[in-house]
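# Descriptive analysis of the structure
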There are 2 protein chains.
Amino acid sequence: MAPEESCIIRHFEHYRRLSPKEKEILASLEKAPTAVSAGTTLWQEGKAASEFCTLSAGWAYSYRNLDCGSRQIMEIFLPGDIIGLREFAFNEHLEGVTMIEDGTVCYFPHRRLLELFRDSLTLTTVTFAISNRQQALLCERLVTLARHSARQRLAHFLHEMYIRLRQTMPEGGPSFRLPLSQQQLGDLLGLTPVHVSRTLSAMSEDGLIYRNHHTINVPDIKALAEEASFNDLYLNTNLRPLFEDAPPES
Amino acid sequence: MAPEESCIIRHFEHYRRLSPKEKEILASLEKAPTAVSAGTTLWQEGKAASEFCTLSAGWAYSYRNLDCGSRQIMEIFLPGDIIGLREFAFNEHLEGVTMIEDGTVCYFPHRRLLELFRDSLTLTTVTFAISNRQQALLCERLVTLARHSARQRLAHFLHEMYIRLRQTMPEGGPSFRLPLSQQQLGDLLGLTPVHVSRTLSAMSEDGLIYRNHHTINVPDIKALAEEASFNDLYLNTNLRPLFEDAPPES
DNA sequence: CGAACTGTTGACACCTATCAATTGCGGTGG
DNA sequence: CCACCGCAATTGATAGGTGTCAACAGTTCG
């Protein structure tokens, strides 16, 4: 595939325009696409970590298995995301990663990221920015877990996914496909699947969302944001103008 | 003060040995120390962001004010930490920052970090690693908020602080000073101050901790870790050996 | 058509929030 | 040095949200 079509390049260009050389560096990360089917575990927590991968197609999630027997889903990955970025500094994977749907991933060794840091200041800052944004997503979820009701948590997550999906697919209408089971939603939001079911039903009855299998229809996105007391500051991915007059490359 | 004594250099050297030139770059971040008293707010959420600062002395925390009137403390900063690193990519501060005790901070503009990225691959990777570690702390707290009881949350936080403090002050015995009010603990762990009080009292009665004003004594750190089902993987700050054969500086 | 999984619904228990009153502590001024 | 004030911490009673257990319905896929 031509570099221009790569998800990861689109993702990076969301933050900053890239030169052909920079695009080439990014494209080189996706030299070895691997097809993976739904339910495949890319790696397990605790295993030695030596690689990242980019997600070219399909959804994935990372998770932690807890001593108490339950499981916490940490992050939902969409096409264009780099999986494992957070674990760069660690020798073992802190989280396992599993595919939600069939998809395609491209593994690349940690060393490649160092080369990227060495070769391009722009890619370095954008990578750092992507990491920052990921962290902001975590912070928002942390807030909802600490302080919000089950209904607010679900409203918040649905709104977040709506926004994230619209950033890559600007025209998608009021509905989107959410290929997560209620068990997975519960594992993500710290709820039991039973309570997820009850809460989603209540939200449907109140006309906040409509559900059809795995398709969610949001008739009034502002009402959903209101319900979640959503803070859209953190999804703003525009880099500060500062970067325009960044110090010159060496 | 001589560069060797700076908290932030000690912090960075925890990850990787630094050359004199690299130490100098770091020391240059701390050119303008400012004394700040307990309760001072360094900046508020939503305000335009143009600076980071290093924390040279004293404790601080970052927080979010929520629509529902309560407040979520996101992060506790100790001497040697860089405050605001997470907000690098954003134009506005996502979080406010307030001093817990009297202390000293050194502001420096965002641009300085770009210069650091440009001038030293080692400092770039260590900065990225520090950001990763911060993220790992967040993940752990997210897990405890999602799935653990009040007692487990408190045990976990106390254990985490114990470990973090020992990393800078290796010999400190079984007790440490924790200058946080129960209101602040509640805001950090998603609990009401009333319930924090009850839970700490119960932990004291069970001999898990002893309290004296703001000093916490942990007679059996392993018991505390057990109680919290603590995962010490994420506090492991040793960079992977990979960094030893990092590509040469340009 | 049946098995296995996912989602729904009901009854009940438990943890934590809420509201309120009281105690203890630190700082201030007489 | 002591009385006083304000804040932090404690303790009690009650309410509410979510977990747990269990049964049942619906969907998917062989």
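Residues numbered from 1 in each chain as written. Chains lettered and ligands numbered in written order. Predicted model: local features only at pLDDT ≥ 70, side-chain atom pairs only at ≥ 80, totals over all residues. Heavy atoms only, no water.

Of the regular secondary structure elements, chain A holds 8 helices and 11 strands. Over its C-alpha atoms chain A spans a radius of gyration of 19 Å, differing by no more than 12% from the 18 Å that the globule rule assigns to 250 residues. Taken over the C-alpha atoms alone, chain A extends approximately 60 × 40 × 35 Å along its principal axes. Put simply, chain A has 250 residues, and 58% of those count as buried. Restricting the contact set of chain A to residue pairs at least 6 apart, pairs at least 24 apart contribute 72%. When the accessible surface of chain A is split by element, carbon and sulfur atoms take 49% of a total near 10,000 Å². (Helix = DSSP H or I, 4+ residues; strand = E, 2+ residues; numbered from the N terminus. Rg over C-alpha atoms; globule rule 2.2 N^0.38 Å. Buried < 20%, exposed > 50% of the residue type's maximum accessible area, 1.4 Å probe, protein only. Contact = heavy atoms within 4.5 Å. Areas by Shrake-Rupley, 256 points an atom, 1.4 Å probe, with all protein chains shown as cover.)

Before going further, it helps to spend a moment on the pairing of strand E5 (residues 71-77) of chain B. Residue and element names in this part refer to chain B. Most of E5 is tucked away, with 7 of its 7 residues classed as buried. Pairing analysis gives 6 bridges linking strand E4 (residues 60-65) to E5, with the strands arranged antiparallel. Among the inter-strand pairings, Tyr-61 is bridged to a residue of E5, identified as Ile-76. In this structure, the hairpin formed by E4 and E5 is closed by a connection of 5 residues, where Gly-69 is found at a positive phi of approximately 100°. (Pairing = 2+ DSSP bridges.)

The next point concerns the confidence of the model for chain A. For chain A, the mean per-residue pLDDT works out to 90, and 92% of the residues sit at or above 70. Low pLDDT, under 50, characterises residues 245-250 of chain A; the predicted model gives this stretch 12 contacts beyond four residues in sequence or across chains. (pLDDT = per-residue confidence, 0-100.)

Another point: the packing of aromatic side chains. The final tally for this structure, using the stated rule, is 15 aromatic pairs over all chains. Taking 5.4 Å as the distance between ring centres and 40° as the angle between the ring planes, the aromatic pair formed by Phe-52 of chain B and Phe-108 of chain B counts as tilted. Placement of the pair is Phe-52 of chain B in strand E3 (residues 51-57) and Phe-108 of chain B in strand E8 (residues 103-109), with a sequence separation of 56 residues. For the pair Phe-52 of chain B and Phe-108 of chain B, one class covers both residues: buried. Taken together, the ring pairs in this structure connect Phe-52, Phe-88, Phe-108, Phe-117 and Phe-128 of chain A together with Phe-52, Phe-88, Phe-108, Phe-117 and Phe-128 of chain B into an aromatic cluster. The residue whose ring lies beneath Arg-71 of chain B is Tyr-63 of chain B, and the NZ or CZ to ring-centre distance is 6.0 Å. The cationic tip of Arg-166 of chain B hangs over the ring face of Tyr-162 of chain B; the distance from NZ or CZ to the ring centre is 4.7 Å. (Phe/Tyr/Trp six-rings, centres within 6.5 Å; stacked < 30°, edge-to-face > 60°. Lys NZ or Arg CZ within 6 Å of the ring centre and 35° of its normal.)

Further remarks concern the pattern of salt bridges. Residue and element names in this part refer to chain A. This structure, assessed with the given rule, holds 28 salt bridges over all chains. Measuring nitrogen to oxygen at the nearest pair gives 3.8 Å for the salt bridge that ties Glu-115 to Arg-112. Highlighted residues: Glu-115 and Arg-112, both in helix H3 (residues 110-119), separated by 3 residues, approximately one helical turn. Given a relative accessible area of 22%, Glu-115 falls into the partly exposed group. (Salt bridge = Lys/Arg side-chain N within 4 Å of Asp/Glu carboxyl O.)

At the junction of the two partners, chain A supplies 67 residues and chain B supplies 67 residues. Carbon and sulfur atoms supply 65% of the area that chain A and chain B bury against each other, a total of about 5,900 Å² over both sides. At the junction of chain A and chain B, the tally comes to 4 salt bridges. Notably, a salt bridge pairs Glu-140 of chain B with Arg-64 of chain A, separated by 2.5 Å at the nearest N-O pair. Counting every contact that joins chain A to chain B gives 14 residue pairs in polar contact (both at pLDDT 80 or more). For the side of chain A that touches chain B, the class distribution of residues is 31 nonpolar, 20 polar and 16 charged. (Buried area = accessible area lost by both parts, 1.4 Å probe. Polar contact = N/O pair within 3.5 Å; in protein donor to acceptor, adjacent residues only side chain to side chain. Nonpolar A, V, L, I, M, F, W, Y, C, P; charged D, E, K, R; others polar.)

Looking now at the packing of helix H6 (residues 182-189) of chain A against helix H7 (residues 193-205) of chain A. Residue and element names in this part refer to chain A. Between H6 and H7, whose axes approach to 8 Å, the crossing angle comes to 100°. On the basis of the axis angle, H6 is roughly perpendicular to H7. Each of Gln-182, Gln-183, Leu-185 and Gly-186 in H6 lies in contact with H7, whose residues at this interface are Pro-193, Val-196, Ser-197 and Leu-200. Of the residues contributing to the contact of H6 with H7, the split by class is 4 nonpolar, 4 polar and no charged. (Axes fitted to C-alpha atoms, helices over the stretch in contact; angles between N-to-C directions. Parallel < 35°, antiparallel > 145°, perpendicular 65-115°, else oblique.)

The next subject is the side chain of His-156 of chain A. Residue and element names in this part refer to chain A. In this fold, His-156 is placed in helix H5 (residues 150-168). His-156 sits in the buried class, given a relative accessible area of 4%. Contacts of His-156, omitting those with residues within four sequence positions, involve Glu-140, Thr-144, Ala-228, Phe-230 and Tyr-234.

On to the protein's contact with DNA strand D. Lining the immediate surroundings of DNA strand D are 16 residues, of which Ala-150 and Thr-192 of chain A together with Gln-182, Ser-197 and Arg-198 of chain B lie closest. Considering the 4 Å shell around the protein, atoms of DNA strand D inside it are sugar or phosphate in 68% of instances. In the model, a phosphate oxygen of DNA strand D is placed 2.9 Å from a nitrogen or oxygen of the Ala-150 of chain A main chain. Measuring from a phosphate oxygen of DNA strand D, one finds a side-chain N or O atom of Thr-192 of chain A at 3.1 Å. For the surface near DNA strand D, the secondary structure elements donating two or more residues are H7 of chain A together with helix H7 (193-205) of chain B. Of the residues forming the surface near DNA strand D, the biggest block, 4 residues, is contributed by H7 of chain B. Here the surface near DNA strand D is composed, by residue class, of 4 nonpolar, 9 polar and 3 charged. (Near = heavy atom within 4 Å.)

Residue and element names in this part refer to chain A. When the domains of chain A are assigned, the result is domain 1 (3-140) and domain 2 (149-228). Centre-to-centre, using C-alpha coordinates, domain 1 lies 24 Å away from domain 2. At the junction of the two partners, domain 1 supplies 15 residues and domain 2 supplies 14 residues. Both sides together, the interface formed by domain 1 and domain 2 hides about 1,500 Å², and carbon and sulfur atoms give 56% of it. Counting every contact that joins domain 1 to domain 2 gives 3 salt bridges. Across the domain 1-domain 2 interface, the total number found is 8 residue pairs in polar contact (both at pLDDT 80 or more). Elements represented by at least two residues in the side of domain 1 that touches domain 2 include exactly strand E5 (71-77) and helix H4 (121-147). The biggest single contributor to the side of domain 1 that touches domain 2 is E5, with 5 residues. Broken down by class, the residue content of the side of domain 1 that touches domain 2 amounts to 8 nonpolar, 2 polar and 5 charged. (Domains from an automatic or database assignment.)

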